[in-house]
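Residue strings, one per chain:
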Amino acid sequence: MDVKVLSNSDGQLKFVAKDADPTFMNAIRRIIMAEVAIPAIEKVYIAENTSVLYDDIIAHRLGLIPLKGGEILTLTEKCDCDKKGCPKCESILTLEVEAAEDNFLVYSGRMKAEGSVFPANNNIPIAEMNAGQKLTLEAHARLGLGKNHAKWQPVSACAVKYEPIIEIDSKKCDLCGACIEECPKKILKEKDNAIVVTSLWDCTLCKLCEEACPPAAIKISYDDRNSVLIVETTGSLTNDELVLAACDVMLQKCEELKSSIKSLPEAF
Amino acid sequence: MIIPVRCFTCGKVIADKWDEFKKEVAKGENPSKVLDSLGIKRYCCRRMFLSNVELIEESLKFYVRPKEEGKT
Ligand SMILES: [Zn+2]
Ligand SMILES: [Zn+2]
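For clarity, every value in this text was computed on a predicted model and none was experimentally measured.

A.B. asks: Tell me about the overall build of chain B, and name the residues and values.
C.D. replies: Secondary structure summary: chain B contains 4 helices and 0 strands in total. Along the chain direction, N to C, the helices and strands of chain B fall in the order α-α-α-α. For 72 residues, the compact-globule formula gives about 11 Å, and the C-alpha radius of gyration of chain B, at 16 Å, lies well above that figure. Its C-alpha atoms give chain B principal-axis dimensions of roughly 50 × 30 × 15 Å. Within the span of chain B, comprising 72 residues, buried residues form 26% of the whole. Counted over contacts in chain B with a minimum sequence separation of 6, partners at least 24 positions apart contribute 44%.

Okay, structure coming up:
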């Protein structure tokens with residue numbers, strides 16, 4: 001398996017894995033989406049709320065704020081507190097605001113972390129309040145998995161795609177430029193009396209260029225031995241941390257399978 | 001009401017970019033260009049900005065301050 005990083009910036013990672021089976025890459029993708037544990041606010045105790053938003057709306061908004069940290073926490077399902085929540089599996093954040101002026105915006109950055117978990121993004125508005133309105137609450141963050149609630153999903157967009165193959169028959173091509181016009185991703189260009197592909201991995205295999213070409217000089221197909229994984233994190237984990245965490249989960253699953261096979265009476 | 005924290009469809013965090021979007025559009029900038037510069041590529045996320053109405057500001061107008069309660 002040969003890995004090449006196409007781009008790694010601003011919460012988005014794109015890498016090509018040569019000779020990686022797409023089913024394997026898809027397994028990694030599904031683990032990223034559903035089985036990498038990250039923290040999110042699970043319980044909110046509201047002491048005072050005189051803002052125009054209902055308690056429920058505020059609790060919902062708090063839940064969707066991506067949180068960082070919490071490496072020392074354990075999953076509540078695996079904790080010895082019987083799913084009640086205890087300092088070993090929960091981290092507390094508090095918020096105490098009284099608006100001093102009208103149209104005052106409360107941002108996620110105002111939440112005070114009492115434990116290891118803190119907001120990954122400080123600029124998310126939680127509520128808008130008028131002078132004198134108060135909001136006092138205590139939020140309990142827990143680790144969780146994406147398969148249980150979308151707030152625990154460490155990614156927004158996450159996709160696996162095959163390697164596109166764009167073949168252009170220079171004998172048939174009359175350089176009409178229809179394919180260049182038609183391509184929604186604008187990846188085709190005319191250079192030295194030939195059509196060239198500028199960024200192969202941006203091709204979505206839509207085949208619009210094929211239909212637009214009158215002499216049928218362009219042909220789109222794909223190679224499923226090579227695939228690209230596109231990961232867009234929400235901020236809880238960095239790109240690299242996330243992919244590595246997914247690999248760890250995969251290894252752990254294999255380890256579990258191995259030990260349960262070995263414990264069979266007709267052991268191999 | 002108030003800008004949702006995440007895109008309904010894909011789950012991208014969008015609320016943190018609302019202030020910037022609102023400011024630029026109020027200045028008269030083309031919303032499409034502002035969204036491009038904020039890195040909002042998918043149309044599911046773009047409609048979250050374009051279709052949001054800050055109704056919370058309307059309901060805030062009806063807030064009666066406790067000290068004024070006697071007078072009104
Ligand atoms: Zn516990
Ligand atoms: Zn979206």
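A.B. asks: How would you explain the sheet that holds strand β2 (residues 12-18) of chain A if you had to name every residue and give the values?
C.D. replies: All names here are of chain A. If you trace the 4 strands from one edge of the open sheet to the other, you get β1-β2-β14-β11, paired in antiparallel fashion. Either end of the sheet is taken by a strand with one partner, and the two such strands are β1 (2-9) and β11 (155-168). Taking the axes of each pair of neighbouring strands and ignoring which way they run, one obtains an average angle of 25° across the sheet. As paired elements, β11 and strand β14 (residues 218-233) share 12 bridges and run antiparallel to each other. From the neighbouring strand, Val160 faces β14, where its bridge partner is Leu229. In this fold helix α1 (residues 22-34) packs onto β2, β11 and β14, with an angle of close to 160° to the strand it touches most, β11. The strands touched by helix α5 (residues 239-262) within the sheet are β1, β2 and β14, with β14 carrying the most contacts at an inclination of about 100°.

A.B. asks: Explain the nonpolar core to me, using residue names and the numbers behind them.
C.D. replies: Residue and element names in this part refer to chain A. Core analysis: the biggest nonpolar cluster contains 61 residues, and Ile32 and Val231 have the highest contact counts within it. When residues of this core are sorted by domain, at least three fall in each of domain 1 (2-34 + 156-230) and domain 2 (38-152). When neighbours within four sequence positions are excluded, Ile32 is seen to be in contact with Pro154, Val155, Cys158, Val231, Leu242 and Ala246. Judged by nonpolar contacts, the second largest core, of 11 residues, contains Cys179, Leu188, Ile195 and Cys203.

A.B. asks: Describe in detail the interface of chain B and chain A, supporting the description with residues and values.
C.D. replies: Each side of the interface is counted separately: chain B has 19 residues, and chain A has 21 residues. When residues of the side of chain B that touches chain A are assigned to their parent elements, the largest contribution, 4 residues, is made by helix α4 (residues 55-60) of chain B. Within the side of chain B that touches chain A, the residues separate by chemical class into 11 nonpolar, 3 polar and 5 charged.

A.B. asks: Can you tell me about the environment of Ala246 of chain A, naming the residues and giving the values?
C.D. replies: All names here are of chain A. Counting through the fold element by element, Ala246 comes out in helix α5. Measuring from C-alpha to C-alpha, the distance between Ala246 and Val160 comes to 15 Å, with 86 residues separating the pair along the chain. Setting aside residues up to four positions removed in sequence, Ala246 forms contacts with Ile28, Ile31, Ile32 and Val36.

A.B. asks: Can you lay out the pairing of β1 of chain A for me, pointing to particular residues and giving the numbers?
C.D. replies: Residues and elements named next belong to chain A. The buried fraction of β1 amounts to 0 of the 8 residues, a small share that puts the element mostly on the outside. Sheet analysis places β1 next to β2, joined by 7 bridges and oriented antiparallel. Residue pairing in the sheet places Ser7 in a bridge with Lys14 of β2. Here β1 hands over to β2 after 2 residues, with Asp10 in that stretch at a positive phi of 45°.

A.B. asks: Before we move on, could you go through the packing of α1 of chain A against α5 of chain A and cite the residues and values that matter?
C.D. replies: All names here are of chain A. The N-to-C vectors of α1 and α5 enclose an angle of 105°; their axes lie 9 Å apart at closest approach. Relative to α5, the element α1 lies roughly perpendicular. Residues Ala27, Ile28, Ile31 and Ile32 of α1 pack against Leu242, Ala246, Val249 and Met250 of α5. Of the residues belonging to the contact of α1 with α5, the class tally is 8 nonpolar, no polar and no charged.

A.B. asks: I'd love a proper account of the domain arrangement of chain A, names of residues and values included.
C.D. replies: The parts lose accessible area when they come together, and the size of an interface is often stated as this lost area. Taken as a whole, chain A is organised into domain 1 (2-34 + 156-230) and domain 2 (38-152). Taking only C-alpha atoms, the centre of domain 1 of chain A and the centre of domain 2 of chain A are 41 Å apart.

A.B. asks: Explain the sheet that holds strand β5 (residues 90-98) of chain A to me, using residue names and the numbers behind them.
C.D. replies: Residues and elements named next belong to chain A. Reading across from one edge, β3-β10-β5-β7 is the order of the 4 strands in this open sheet, with antiparallel pairing throughout. Only two strands of the sheet have a single neighbouring strand rather than two, namely β3 (38-49) and β7 (112-113). Note: β3 against strand β10 (residues 134-144), 10 bridges, orientation antiparallel. In the strand pairing of β10, Ile46 is matched with Leu137. Running over the sheet, helix α2 (residues 55-63) touches β3 and β10 and is turned about 155° from β3.

A.B. asks: Could you give an account of the environment of Ser32 of chain B, naming the residues involved and the relevant values?
C.D. replies: Residues and elements named next belong to chain B. Relative to the helices and strands, Ser32 resides in helix α2 (residues 31-38). Under the C-beta neighbour-count criterion, Ser32 is labelled exposed, with 10 such atoms within 10 Å. For the pair formed by Ser32 and Cys10, sequence separation is 22 residues and the distance between their alpha carbons is 19 Å.

Analysis parameters
- Residues numbered from 1 in each chain as written.
- Chains lettered and ligands numbered in written order.
- Predicted model: local features only at pLDDT ≥ 70, side-chain atom pairs only at ≥ 80, totals over all residues.
- Helix = DSSP H or I, 4+ residues; strand = E, 2+ residues; numbered from the N terminus.
- Rg over C-alpha atoms; globule rule 2.2 N^0.38 Å.
- Buried ≥ 20, exposed ≤ 12 C-beta atoms within 10 Å, placed from the backbone.
- Contact = placed C-beta atoms within 7 Å.
- Pairing = 2+ DSSP bridges.
- Axes fitted to C-alpha atoms, helices over the stretch in contact; angles between N-to-C directions.
- Core = buried A, V, L, I, M, F, W, Y, C linked by C-beta atoms within 7 Å.
- Domains from an automatic or database assignment.
- Nonpolar A, V, L, I, M, F, W, Y, C, P; charged D, E, K, R; others polar.
- Parallel < 35°, antiparallel > 145°, perpendicular 65-115°, else oblique.

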